[in-house]
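Architecture and fold: a report
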Amino acid sequence: MRLRNVSPDDVDAYVRMRCDPVMMADLGGPQPREEMAAKVRRDAEQAAADLAWFKMIVPDPAAPEVVAGTVTLWSHNADDGPISEIGWMVLPQFQGQGLGKRAVRALLEQARDEDRWGVVHAFPATSNAASNGICRSVGFRFVSEADVTFAGRIFKTNHWSVDPRMDLT
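Residues numbered from 1 in each chain as written. Predicted model: local features only at pLDDT ≥ 70, side-chain atom pairs only at ≥ 80, totals over all residues. Heavy atoms only, no water.

For the protein, an unreviewed UniProt entry supplies the name N-acetyltransferase and the organism Streptomyces dangxiongensis.

Shown next, in the form of structure tokens:
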């Protein structure tokens with residue numbers, strides 16, 4: 001597995017993840033297909049400028065055109081001020097193979113190695129057992145349940161945090 005920056009050519013992968021009702025069930029439902037090209041372009045620009053890490057999960061480096069999902073690390077303002085947040089999505093045909101866990105761990109290790117982002121937060125839906133399991137397995141600590149807004153929708157999440165400089169397992 002390797003991670004690479006998102007590029008403007010990744011629209012199809014974004015559509016398969018973000019416009020799919022099953023993939024987006026825990027995130028309030030599918031996003032509009034017509035918004036994906038602009039979303040990919042914005043994400044690629046931020047990645048190229050190193051403002052955020054928008055990474056595509058490539059399961060086999062020998063087949064770089066095959067994408068299994070995304071893992072992203074960015075900073076934004078929350079109620080208590082700026083926080084760093086990580087999120088990930090793995091397409092159904094690649095789930096259960098450990099790719100999400102490996103991708104999350106790899107990005108957190110990069111954050112540690114670059115001494116960047118500080119404490120990292122994750123907010124998987126309370127009903128998303130796989131993502132909550134990834135949080136537990138890589139060293140996140142459970143903070144609380146929280147209501148989070150994503151794409152204009154509010155949903156119940158588990159709030160996890162990890163300090164990559166100290167907590168990775």
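**Considering the environment of V90**
Filter applied, for reference: Helix and strand definitions here come from DSSP, where helices need a minimum of 4 consecutive H or I residues and strands a minimum of 2 consecutive E residues; each element is numbered from the N-terminal end. For this analysis, residues touch if any pair of their heavy atoms sits within 4.5 Å.
Its location among the elements puts V90 in strand 4 (residues 81–90). On a C-alpha basis, the gap between V90 and G69 in space is 4.3 Å, while along the polypeptide they are 21 residues apart. With residues near it in sequence (within four places) discarded, V90 still touches M23, I57, A68, G69, Q95 and G100.

**What about the sheet that holds strand 1 (residues 2–5)?**
Stated formally: Strands qualify as paired when DSSP identifies two bridges or more between them. Geometry is summarised by axes, namely lines fitted to C-alpha atoms with helices restricted to the contacting stretch, and by angles between N-to-C directions that run from 0 to 180 degrees.
One open sheet accounts for seven strands, arranged 1-2-3-4-5-7-6; its pairing is mixed. The sheet is open, and its two edges are formed by strand 1 and strand 6 (141–150), each paired on a single side. Here the average twist between neighbouring strands, direction ignored, is 35°. Bridging between strand 4 and strand 5 (residues 120–122) involves two bridges; their strand directions are parallel. Pairing of E85 across the sheet is with H121, part of strand 5.

**Concerning the packing of helix 1 (residues 11–18) against helix 2 (residues 36–48)**
Heads up, the condition is: By the definition used in this description, the sense in which the near helix is turned from the far one sets the handedness, with an anticlockwise turn below a right angle giving left-handed and a clockwise turn giving right-handed. Under the scheme applied here, ten amino acids are nonpolar (Ala, Val, Leu, Ile, Met, Phe, Trp, Tyr, Cys and Pro), four are charged (Asp, Glu, Lys and Arg), and all others, including Gly, are polar.
In contact at an axis separation of 9 Å, helix 1 and helix 2 are set at 115° when each is read in the N-to-C sense. Where helix 1 crosses over helix 2, the handedness of that crossing is right-handed. Listed contacts from helix 2 to V11, Y14, V15 and R18 of helix 1 are M36, A37, K39, V40 and D43. Residue classes in the contact of helix 1 with helix 2 are distributed as six nonpolar, no polar and three charged.

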